[in-house]
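The lines below spell out each chain.
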Amino acid sequence: MSSSENKKRKIAIIGGGLAGLSSAMKIAEMSLEKKDIIVQLFSIVPVKRSHSVCAQGGINAANKTTGDSTYQHFDDTVYGGDFLANQGPIKKMCDSAPDIIDLFDRMGVPFNRTAEGRIDRRRFGGTLHPRTAYAGATTGQQLLYALDEQVRRYEAEGLVEKYEGWEYLSATFDTNGACCGIIAQNLVTMEIQAFPVDALIIATGGPGSVYGRSTNSVSNNGLAAASLYKQGAKYANGEFIQVHPTAIGGDDKLRLMSESARGEGGRVWVYGDASKTWIDTEGIERPCGETGKPWYFLEEKYPAYGNLVPRDIATREIFKIVYELKLGVNGQPFVFLDVSHISREKGREFLDRKLKGILEIYEKFKGVDPHEVPMEIFPAVHYSMGGLWVDDKTHMTNLTGVFAAGEADYQYHGANRLGANSLLSCVFTGLHVAGPEAVKFARSREKAAWELPTEIFEADVKKEKDFINKLMNLSGTENPRLIHAELGNIMTENVTIVRNNEALRKTDEKIQELQKRFWNITVPDKGNWANQSIRYAHQLYYMLHLARVIVLGALQRNESRGAHYKPDFPNTNIDFLKTTIATYNKDNDSPIISYEEIDTSLIPPRARDYTKKTVSAAGAISN
Amino acid sequence: MNTNNTMTTETQKTVKFRIKRQITPDSEAYWEDFEIPWKASLNIITLLMAQHTHPVTSLGHKSTPASYEANCLEEVCGSCTMVVNGKVQQACTALVDKLEQPISIEPMSKFPVIRDLMVDRKRMFESLKWIKGWNPVDNTAPLGEGPRISPSEQEKAYNFSRCMTCGCCLESCPQWSADEGFIGPQAIAQSVLFNIHPTGKSLEDERIKGLIDNGLNVCGNAQNCAAVCPKEVDLIGAISQANWQATKYMAKQILGNGH
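Residues numbered from 1 in each chain as written. Chains lettered and ligands numbered in written order. Predicted model: local features only at pLDDT ≥ 70, side-chain atom pairs only at ≥ 80, totals over all residues. Heavy atoms only, no water.

**Details of the overall build of chain A**
So, point 1. Counting its secondary structure elements, chain A contains 16 helices and 23 strands.
So, point 2. Taken against the 2.2 N^0.38 rule, which gives 25 Å for 623 residues, the C-alpha radius of gyration of chain A at 24 Å falls within 12% of a compact globule.
So, point 3. Taken along its principal axes, the extent of the C-alpha atoms in chain A is 75 × 60 × 50 Å.
So, point 4. For chain A, the proportion of contacts with a sequence separation of at least 24, taken over those separated by at least 6, is 72%. (Helix = DSSP H or I, 4+ residues; strand = E, 2+ residues; numbered from the N terminus. Rg over C-alpha atoms; globule rule 2.2 N^0.38 Å. Contact = heavy atoms within 4.5 Å.)

**Details of the interface of chain A and chain B**
So, point 1. Each side of the interface is counted separately: chain A has 68 residues, and chain B has 75 residues.
So, point 2. Taken together, both faces of the contact between chain A and chain B bury some 6,000 Å²; the carbon and sulfur share is 50%.
So, point 3. One can count eleven salt bridges joining chain A with chain B.
So, point 4. Residue A:E155 is joined to B:K129 by a salt bridge in which the shortest nitrogen-to-oxygen separation is 3.4 Å.
So, point 5. Put simply, chain A and chain B have 44 residue pairs in polar contact (both at pLDDT 80 or more) between them.
So, point 6. Listing elements by their share of the side of chain A that touches chain B, those giving two or more residues are α2 (18–31), α4 (87–107), α5 (139–156), β13 (255–256), α11 (348–366), α14 (480–494) and α16 (532–556) of chain A.
So, point 7. Here the element with the most residues in the side of chain A that touches chain B is α5(A); it accounts for nine residues.
So, point 8. Residues that form the side of chain A that touches chain B fall into these classes: 24 nonpolar, 19 polar and 25 charged. (Buried area = accessible area lost by both parts, 1.4 Å probe. Salt bridge = Lys/Arg side-chain N within 4 Å of Asp/Glu carboxyl O. Polar contact = N/O pair within 3.5 Å; in protein donor to acceptor, adjacent residues only side chain to side chain. Nonpolar A, V, L, I, M, F, W, Y, C, P; charged D, E, K, R; others polar.)

**A closer look at α11(A)**
So, point 1. Across its 19 residues, α11(A) extends only 19 Å between first and last C-alpha, which sits more than 12% below the 27 Å expected from 1.5 Å per residue.
So, point 2. The principal kink in α11(A), of about 95 degrees, is found at A:L355. (Expected span 1.5 Å × (residues − 1). Bend = angle between axes of the 7 residues up to and from the residue.)

**Quick look at the sheet that holds strand β11 (residues 235–236) of chain A**
Residues and elements named next belong to chain A.
So, point 1. With antiparallel pairing, the four strands of this open sheet are ordered in space as β20-β11-β22-β23. Because the sheet does not close on itself, it has two edges, and the strands there are β20 (387–388) and β23 (590–597).
So, point 2. As paired strands, β11 and strand β22 (residues 578–585) are joined by two bridges and run antiparallel to one another. Looking at the pairing, Y235 lines up with A582 of β22.
So, point 3. Running over the sheet, helix α6 (residues 223–230) touches β11, β20, β22 and β23 and is turned about 70 degrees from β22.
So, point 4. Seen against the sheet, α16 touches β11, β22 and β23 and runs at an angle of roughly 50 degrees to β23. (Pairing = 2+ DSSP bridges. Axes fitted to C-alpha atoms, helices over the stretch in contact; angles between N-to-C directions.)

**A look at the packing of aromatic side chains**
Residues and elements named next belong to chain A.
So, point 1. Using the criterion set out here, one finds 28 aromatic pairs over all chains in the structure.
So, point 2. On the numbers, 6.4 Å between centres and 80 degrees between planes, the contact of Y79 with F83 is edge-to-face. Both residues of the pair, Y79 and F83, belong to the buried class.
So, point 3. Look at Y323 and F378: their rings are 6.1 Å apart centre to centre, the planes differ by 85 degrees, and that puts the pair in the edge-to-face class. Of this pair, Y323 sits in helix α9 (residues 311–324) while F378 sits in strand β19 (residues 375–384), and the two are 55 residues apart along the sequence.
So, point 4. Take Y323: its relative accessible area is 40%, and that puts it in the partly exposed class.
So, point 5. For F378, a relative accessible area of 18% translates into the label buried. (Phe/Tyr/Trp six-rings, centres within 6.5 Å; stacked < 30°, edge-to-face > 60°. Buried < 20%, exposed > 50% of the residue type's maximum accessible area, 1.4 Å probe, protein only.)

**Digging into the state of the cysteines**
Put plainly, a disulfide is one covalent bond tying together the sulfur atoms of two cysteines.
So, point 1. Under the counting rule described, the total for this entry stands at zero disulfides over all chains.
So, point 2. Free cysteine A:C426: the closest other cysteine sulfur is in A:C54, separated by 13 Å.
So, point 3. With no disulfide of its own, B:C166 lies 3.7 Å from the sulfur of B:C168, the closest cysteine sulfur.
So, point 4. Exposure remark for B:C166: the relative accessible area of 8% places this residue in the buried category. (Disulfide = S-S within 2.5 Å.)

**Structural notes on the nonpolar core**
So, point 1. Of all hydrophobic cores here, the largest spans 184 residues; its most connected members are A:I11, A:F104, B:I44, B:L47, B:M82 and B:I103.
So, point 2. Among the elements that make up this core, the one with the highest residue count is helix α12 (residues 422–444) of chain A (twelve residues).
So, point 3. The contacts of A:F104, once residues within four sequence positions are left out, are A:V109, A:F111, A:L143, A:A146, A:L147 and A:V427.
So, point 4. A:A12, A:F457, A:L544 and A:Y584 belong to the second-largest nonpolar core, a separate cluster that totals 81 residues. (Core = buried A, V, L, I, M, F, W, Y, C linked by side-chain atoms within 4.5 Å.)

**Details of the domain arrangement of chain B**
Residue and element names in this part refer to chain B.
So, point 1. Each assigned domain of chain B is listed with its residue range as follows: domain 1 (9–119) and domain 2 (122–135 + 149–255).
So, point 2. If you average the C-alpha positions of domain 1 and of domain 2, the two centres end up 31 Å apart.
So, point 3. The partner domain 2 presents 14 residues to the 14 residues of domain 1 that form the contact.
So, point 4. Roughly 1,100 Å² of surface becomes buried between domain 1 and domain 2 when both sides are summed, with 60% attributable to carbon and sulfur atoms.
So, point 5. The interface formed by domain 1 and domain 2 includes one salt bridge.
So, point 6. Among the ionic pairs, E75 bridges to K231, the shortest N-O distance being 3.1 Å.
So, point 7. Run the count over domain 1 and domain 2 and you get seven residue pairs in polar contact (both at pLDDT 80 or more).
So, point 8. For the side of domain 1 that touches domain 2, the elements supplying multiple residues, two or more each, are β3 (81–84) and β4 (87–90). (Domains from an automatic or database assignment.)

**Things to note about the side chain of A:Q40**
Residues and elements named next belong to chain A.
So, point 1. With respect to the element layout, Q40 can be found in strand β2 (residues 37–43).
So, point 2. Using a relative accessible area of 3% as the deciding quantity, one classes Q40 as buried.
So, point 3. Among the polar contacts made by the side chain of Q40, one reaches the side chain of E161 at a distance of 3.0 Å.
So, point 4. In this structure Q40 touches K10, I11, A12, I13, E161, Y163, F195, P196 and V197, once residues within four positions along its chain are discounted.

**Section: the domain arrangement of chain A**
Residue and element names in this part refer to chain A.
So, point 1. Each assigned domain of chain A is listed with its residue range as follows: domain 1 (11–243 + 393–452), domain 2 (259–381) and domain 3 (460–586).
So, point 2. Its C-alpha centre places domain 1 at a distance of 32 Å from the equivalent point of domain 2.
So, point 3. Across the contact, 26 residues belong to domain 1 and 21 residues belong to domain 2.
So, point 4. A combined buried area of about 2,000 Å² lies between domain 1 and domain 2, and 57% of that area is made up of carbon and sulfur atoms.
So, point 5. Contact with domain 2 buries surface across domain 1, with R122, R123 and V243 losing the most and accounting together for 28% of the total.
So, point 6. Counting every contact that joins domain 1 to domain 2 gives two salt bridges.
So, point 7. With a shortest N-O distance of 2.9 Å, R122 and E264 are connected by a salt bridge.
So, point 8. Joining domain 1 to domain 2, the criterion identifies twelve residue pairs in polar contact (both at pLDDT 80 or more).

**Here's the deal with the packing of α6(A) against α16(A)**
All names here are of chain A.
So, point 1. At a minimum axis distance of 9 Å, the contact between α6 and α16 shows a crossing angle of 65 degrees. Like other packed secondary-structure pairs, α6 and α16 cross with a definite hand, here left-handed. Together, L223, A226, S227, Y229 and K230 of α6 and R535, H538, Q539, Y541, Y542, H545, L546 and V549 of α16 make up the contact between the two elements.
So, point 2. Looking at the contact of α6 with α16 residue by residue, the classes come out as seven nonpolar, four polar and two charged. (Left-handed = near helix turned anticlockwise from the far one by under 90°.)

**Comments concerning the side chain of A:Q515**
All names here are of chain A.
So, point 1. Within the element layout of this structure, Q515 appears in helix α15 (residues 501–518).
So, point 2. Of the residues examined, Q515 reaches a relative accessible area of 13% and is grouped as buried.
So, point 3. When near neighbours in sequence (up to four residues on either side) are disregarded, Q515 contacts L544, H545 and R548.

**A look at the environment of B:Y249**
All names here are of chain B.
So, point 1. Counting through the fold element by element, Y249 comes out in helix α9 (residues 235–255).
So, point 2. Its relative accessible area of 12% is what places Y249 among the buried residues.
So, point 3. With sequence-adjacent residues up to four places away left out, Y249 is seen in contact with D205, I208, K209 and I212.

Here it is as C-alpha cells:
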C-alpha cells in the first residue's frame, strides 16, 4: 500500500454478506469523488460465500399491482413482530423497499419475471399481499452476487480492500473511548494484527452456532457481537430467536425449506385423527381432521392466512401436532410440506422455475423427489431478531464509532421476523443507515486513526495474542467440540419453541458449568498454520457468553410474545413491551438485564390474532 | 435374541475413510485412515466433523484435525469443493451411503494446497475482475426500474448466475491450470452472463478482449466442465457463445471499430 493510501481514512466492515456488502458499496460510492475513505472488508470466508447465499424465498417490497402499500408492509411488519420494535426505523425501511428492489433490478439480479417482463411477486407469511420479489429459490445468493459484483468493481478501483480469510477478534478504543481500530487474525498464517480504522461496522449476521445445529452457516459463530458485548456494547432482545417451521434434519446442519414453498401453494399436513381434538379461539372443541385423511391443520385453524401464518405461529402449531397431539408422520417428529400437487397441476417445470433451489437440496440430501412425494419437515433455529443495540437514526452502538447492520443488529423485526424481511433489513441498514452514517462519523473525527500512537494498538494485539496462547497451552481432559455439542443440545431443548423458567434456570447453570469446564480443554492442534481448532475453541468461548445473554433474557421475560413463548405466562404483558438490554458485568462475568422503552407512536399496539376468517379493520389501516 | 444380534451388528457398522494430509503448502502429502461408527444420512462434512472431534487414526495414532473449507453445507456457497473417491464435488452433498469405502477425500489438484483439504482459489475471484464481471450501474440513487427482461431471458441469466465459484469445472478441465494462460469455463460463463444483460452489454468488447487475452481459444472442447458442474450451469453453451462474440469482436477490429 502506498503511503498516501495509508493516510486515508478507513472504515472496517466485518462480514461480507448483504449488510456488509451493501455498506461497502455505499461507502465506496460516497468516497468515489474525493477518494478520502477506503473500505477494509473483513470476512472469515470469501465474501461471495457468506451466509446470505442461504436466503431462499425472496425480498419484500410493496408494489402497485395488488392494492398493497408501503404502509401496509409497515403494519404487517410491526404486527408480525408483536410491537416489540421501534416503529420509526421500520417505517423508513418499508418506505425504502421499492427503491431497493429497483436498484437490484438495475444491478442485474435475475428476478423471476411476469409475462410482460416485470418483476414477479409471491406471497409470504404474515401478509395477505404478494409482495415478495424472488430469483428462483436462491434469492439471497442472487442479491449477494449483485452486491459482490459492484464491490469488486470498487475493489478494482482501489476503494475497497478485502481481507478474506481473516476473523475479527476485538475493537480498539482511543483515549476518548471512540473506536479507532480492530484486531483480527489471519486464518491461514494465524498472524494477529491491528488495523487502525476511523469507523467500524459489524455485519456478521446471527449467532446460530450457539444452538449447535441450525439453518445458519458455519461462519455464523456470533464471535464479533459477543466480543463487543464483553467490551461494553449493549446486546438487545437476545432471547428472540426465530425457529423456522420448515427445515430438514442433518448431523452437520439443519437445512431450510423456504417459506416460499408455501408462498407458491405448498400445504402443510399430517394424517388426521378424529378421536383427538383441538379447541378453537371461540372455545369450541373440534376433531383433528378425518382419521386417515390429510389434515391441513394450518388452513383449518387460520382460514385467512392458511399455511402462511407468521413463523412463530406455524412453528408452535407444528410442535403441538408432534408433541401434544402426537400426530407426527409415522410417530416421528415430522409433518408434511407438500408441493407435489403443484407439480401435478402445473408441471415440474413450473415448480422448478419457482423453487428449484430448495427442491434440489431436498432431493440431494433426502434422496426423495419432492415433485412427487411430500417433504418431511420440522422446525429449526433460524434467525436472531435480537443483536447489538443500535441507535434508531445512526445504527451506532453505544460504543462510539462502532456501528451494526443486518442480522447482527436488533432493530426492525421485534419479537418475530416476517419472511423475506431479513434481506430487506440487511440491505436497508447497510445502504441507507450504517454505511452513510459511518462515513459521516469517519470524516468528522478530528484525528485520523493512522495518526494515533501505535502503542494503543500494540497493547491490544498483545492482549489477543496472550489470550490465544493461554487457550493453546491448556492441557485438560475436555473436548471443545463435545462442550459445544452439550451447549447446542441444552439450548435447543430449553430455549427455542417452548420455554419455562425452571428449565431456563437449569440451562443457565449448565452454561456456567460449561464455562468452567472450558478451561479444562485441550486444543487438538498446536500448530500455527491454518489451525482451525484454536479458532473453534476461541469461538466457543464467546458462544458460551452469548448463550447466557439469550437464556437470562428469556428467563426474566415473564410473558409470551412472538417467538418467545412461555406456557406459564401465555399472554403478552404490557410491562414487557420493552427492549431487553444485556450488558456485561466484569465483576461476576455475567450479563445484567435491563429494559428500554419502545417507540410505538405510529401504530398503537393491538392483540395479535391470525385466526379470523377476514382480517380486522386494524390490519387494513392504510394511509 | 435375533433382534439383539441385528442391533449389535448395526451398532458395529462403521465408515472407513482416508484423508490426504498436507500440513503446509511445501510439505509432502500423505494419507491417513480413519474409521467412525456408521449412522444414517452421513455426508463428507459429518465425517470431517467427527475427525475434528476425535483426530485419531484407525491405527490409534493421535493426529490433528484436517483443515477444510465449508460454510453453508447446502451446496449454495461453493466452499467445500473436494475430490471424493476421485470425483470433484461438494463435500456437503457427497452422501456416505452412496460412496464406496474406504472413501478417499483429497484436495483439488489444480489449485495450490494451503493445508490438507484447503486450497487457494483466489484466482477465480481475480478472473472476475479481468472480465469486468459486473453491470456498470450509474449509482445507487433511486433511478427507477431496471430494463424489462423477458421470462426466457431471465431463465438464461439465472442459469449462469447460479455459478458459486466452487472450482469443479476448473479442476476437471484438461486445459486449465492455476498458473497458465487459460481463464477457464467459470469466468467465460460469467462474462456471457453480463454480456446478455442490457446494461452489462456496454462492456461486452472489454470483456471479450479480457477473455481473448486470457486464452479463450485454448478450450479443447473436452466438456468435462459441464459434466461436473453441481449447478448445471450451461458452460458448453457459454463457451460457444463467447467464441461467437470473440469472432464478432475480431471481425470488428479488422473492419475498423465496427463501422
